[in-house]
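What the coordinates show
Here is how the chains run, residue by residue.
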Amino acid sequence: MRQVLTNTDFLSGVLFVALGGGFALISFNYGFGTPSEMGSGYFPRVLGFGVLIVGLVLVVKAFLRARARGDAVVAFPIRPTLLVLGSLAAFALLLRPLGLAITTLALIGVAGFATPDRKLREIAMLAIGMSVFACVVFVELLKVPLPLWPRGF
Amino acid sequence: MDIFSNLALGLSVAVTPWNILYCFMGVTLGTLIGILPGIGPIATMAMLLPATYAFEPTSALIMLAGIYYGAQYGGSTSAILLKLPGESSAVVATLDGYAMAQKGKAGLALALAAIGSFIAGTIGTLILAGFAPALAKLAVTFGAAEYFALMVLGLVAAIVLSSGPLLKSIGMLMLGLLFGLVGSDINSGVDRFTFGQPELSGGVNFVVVALGLFGISEILLNLEKREERRLVSSSLGGLWPSWRDLRQALPAMLRGSGLGAVLGILPGGGVTMSSFASYTLEKRISKHPEQFGHGAPQGLAGPESANNAAAQTSFVPLLTLGIPSNGVMAMMMSAMLIHNIQPGPQIITNSPDLFWGLIVSMWIGNLILVVLNLPLIGMWVKLLTIPYRLLFPAILLFCCIGLYSVQNSVFDVYLAIGFAVLGYVFIKLKCDPVPFLLAFILGPMLEENFRRAMLVARGDAGVFLTRPISATMLAVALALLCFAVIPQIRKSRKVAFQED
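Along an α-helix, residues three or four apart share an orientation, since each turn contains 3.6 residues. Residues and elements named next belong to chain B. Taking 1.5 Å per residue as the helical rise, helix H2 (residues 17-35) with its 19 residues ought to reach 27 Å, and the 27 Å between its terminal C-alpha atoms agrees with that figure. Inspection of H2 places Asn19, Tyr22, Cys23, Gly26, Val27, Gly30, Thr31, Ile33, Gly34 and Ile35 among the buried residues, and these make up the whole buried set. Those residues of H2 that are buried lie in contact with helix H1 (2-14), helix H3 (41-48), helix H4 (57-82), helix H16 (352-373) and helix H17 (377-384).

For the rest of this paragraph, the subject is the interface of chain A and chain B. Opposite the 67 residues of chain A that make contact, chain B presents 61 residues. Carbon and sulfur atoms make up 81% of the area that chain A and chain B hide from each other, which totals about 5,700 Å². The largest per-residue losses of area from chain A upon contact with chain B belong to A:Phe23, A:Phe43 and A:Leu88, which jointly make up 12% of the total buried on that side. Taken together, the links from chain A to chain B amount to two salt bridges. A salt bridge links A:Glu122 to B:Arg389; the nearest nitrogen and oxygen atoms lie 2.6 Å apart. Those elements that provide at least two residues to the side of chain A that touches chain B are helix H2 (8-27), helix H3 (42-64), helix H4 (78-98), helix H5 (100-111) and helix H6 (120-141) of chain A. The element contributing the most residues to the side of chain A that touches chain B is H4(A), with 12 residues.

Our focus in this paragraph is a positive patch on the surface. A cluster of like positive charges, contributed by B:Lys103, B:Lys105, B:Arg244 and B:Arg247, occupies part of the molecular surface. Tracing the chain through its elements places B:Arg244 in helix H10 (residues 243-265).

So, about the side chain of B:Thr313. Residues and elements named next belong to chain B. Take Thr313: it is sitting in helix H12 (residues 297-313). Overall, the relative accessible area of 0% leaves Thr313 in the buried class. Dropping the residues within four chain positions of it, Thr313 is found in contact with Gly124, Ile127, Gly260, Ala261, Gly264 and Ile265.

On to the pattern of salt bridges. Residue and element names in this part refer to chain B. Considering all chains together, one arrives at 11 salt bridges over all chains under this definition. Close ionic contact of Arg467 with Glu146 constitutes a salt bridge, the shortest N to O distance being 2.9 Å. Here Glu146 lies in helix H7 (residues 144-161) and Arg467 lies in the loop between helix H21 (463-466) and helix H22 (468-485), a separation of 321 residues in the sequence. Its salt-bridge partner being Glu447, residue Arg451 comes within 2.9 Å of it at the nearest N-O pair. Highlighted residues: Arg451 and Glu447, both in helix H20 (residues 433-456), separated by four residues, approximately one helical turn. For the pair Arg451 and Glu447, one class covers both residues: buried. Connected through salt bridges with shared partners, the residues Asp185, Arg192, Glu447 and Arg451 form a single ionic network.

About the thresholds
- Counting starts from 1 at the beginning of each chain's written sequence and moves along it residue by residue.
- The naming scheme follows written order: chains are lettered A onward, ligands numbered 1 onward.
- Since the coordinates come from a predicted model, pLDDT governs what is reported: local features require at least 70, and pairs of side-chain atoms require 80 or more to be given and counted, while whole-chain, interface and lining totals use all residues.
- For side-chain calculations, the full set of non-hydrogen atoms in the structure is used, while hydrogens and water are omitted.
- Each helix corresponds to a stretch of at least 4 residues labelled H or I by DSSP, and each strand to a stretch of at least 2 residues labelled E; elements are numbered beginning at the N terminus.
- To estimate how far a helix should reach, multiply one less than its number of residues by 1.5 Å.
- Whether a residue is buried, partly exposed or exposed follows from its accessible area with a 1.4 Å probe, protein chains only, as a fraction of its type maximum: under 20%, in between, or over 50%, in that order.
- Residue contacts follow a heavy-atom distance rule, with two residues in contact if any of their heavy atoms lie within 4.5 Å.
- Accessible surface is computed with a 1.4 Å probe, and the buried area is the amount of it that two parts give up when combined, taken over both parts together.
- Put simply, a salt bridge is a Lys or Arg side-chain nitrogen that is within 4 Å of an Asp or Glu carboxyl oxygen.
- Patches draw on residues past 30% relative accessible area with no salt bridge. Two like charges within 9 Å are joined, as are two nonpolar side chains (Val, Leu, Ile, Met, Phe, Trp, Tyr) within 5 Å.
- Here the accessible surface of atoms and residues is derived via Shrake-Rupley with a 1.4 Å probe, and residues count as covered only by protein chains that are part of the display.
- In summary, the charge assignment counts Lys and Arg as positive and Asp and Glu as negative, without counting His or the chain termini.
- Taken as the charge location is NZ of Lys, CZ of Arg, CG of Asp or CD of Glu.

Here's what the structure looks like:
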């Protein structure tokens, strides 16, 4: 049983069922129409059920082949994943109120801790260097409309 | 004669100082990022796309195309020197290229790769120039049914060539189509799957999906691996190949170019496949197959030429039919749409300067690669010694800036976090994200053409089978799918992608 649950076929099947089912379910809010005049719900509903069926087949396949050497999933390392995604979230949260210069420090500061071979001084230097680089290249040279400094400055 | 006047027009567009500068910038940036392991050409182009918003459409496309083949060349550089392929089509270069480097012939290996790429680029450009107008002429006669069938064929080819198990790829394909439908429906104006978010009514932006699925999730995967780099420390050896080296490698380059050019045109665009195919071919016809894997120059020159020729000709379906055949072409297509150019057969007639300028600039880009990159090799090698722990935070920052500037909103950054998680899970579950990406960009077009064809046929699905061109394409798609299911071919498909 445990072998089935960690099997990539089983897990991707579950993912497909959830996503396909979700799309299919929501698509009931949109008109289905007729084959000659399809509504906005026609295509998504057909596809949603298609994904759902593929997912179910994958789940069944996983159970049928449970005895065979399963394609087990490797572990998901939590810490680096959370730090990387957290650094992106920090960028999204801080950019508007604080501006690019400070936000870059935060992003690099958080992301830098995602590797085991980190060095504090290195991260600090990288953060400052990238902050200057991003402000000069993207905002000054390429004129990407990013806020540069905290609001009110 | 016609082809020459067209190329002359292209030359006049591509050889303006600004366009040469953009081409140069693209090629250099592409090489720079291609050399760095862990970020592929799709993510690179997605990251740098916002920087081209302010450019003329032609210049923007020239630069993006430059990034593409620069990234490819850079990918083989790190494959040769580090045994780390910068991207999937450079995997073959890790075999004989790295073996050559270990023997102290790294300079020769890099030179052969560059010269092979240039020869292949030249041949690819000529084929593109000769083949595209004819195909475009045919494509003008296509109606909605033909377009639908063509897209189905392209998508089926993509899943047959994808690296994941077939069933999962089919699921990924349909999921990609569904995600492509998010946003307001063109026919009825209804907002679909937007959850009331105004940012979503224009659909999920391609840059968000590309950076989430390919850029950020690649970083997550790389962070898991223990970093191990074995830079060839001994000297690079002479850069210039001797006459004997060249004579040995030249036939392989020409064969690789031909093979790659043909495979590149096919829907599903086999850039990676063409380098594997060329390697197999060279090994088979060689008098000394035992040298392969131990530094046979043909085993490097052939595949390197093949993937460059394929990269060149994979522009054919996009520029003539408006259908991207691989992830990079999907990226180019979204760049064209951003600049208000509808890819398709009408490009050649409506904006010949853009079409021919882009084609000629690709050749110039290849020239720049040879002339500038070989002397710069020392600098690229230094770059390779930058540890990944310093690289990925910088890449993340560029991703964020790119994401934000799509619609000047942090909404897309949050959305990309979602796609990054999805992409990471997909790869862990052995679901290939490439069919997803292709389907994502084709989703709205596929629905639109299907609905239009059915409307014209008054709801009779038989229309796809009674029109000869559409029926043929659907039959080919079906045949491809059947082929993929036959165990023998499945096995060889596995072999071809085992090192992916």
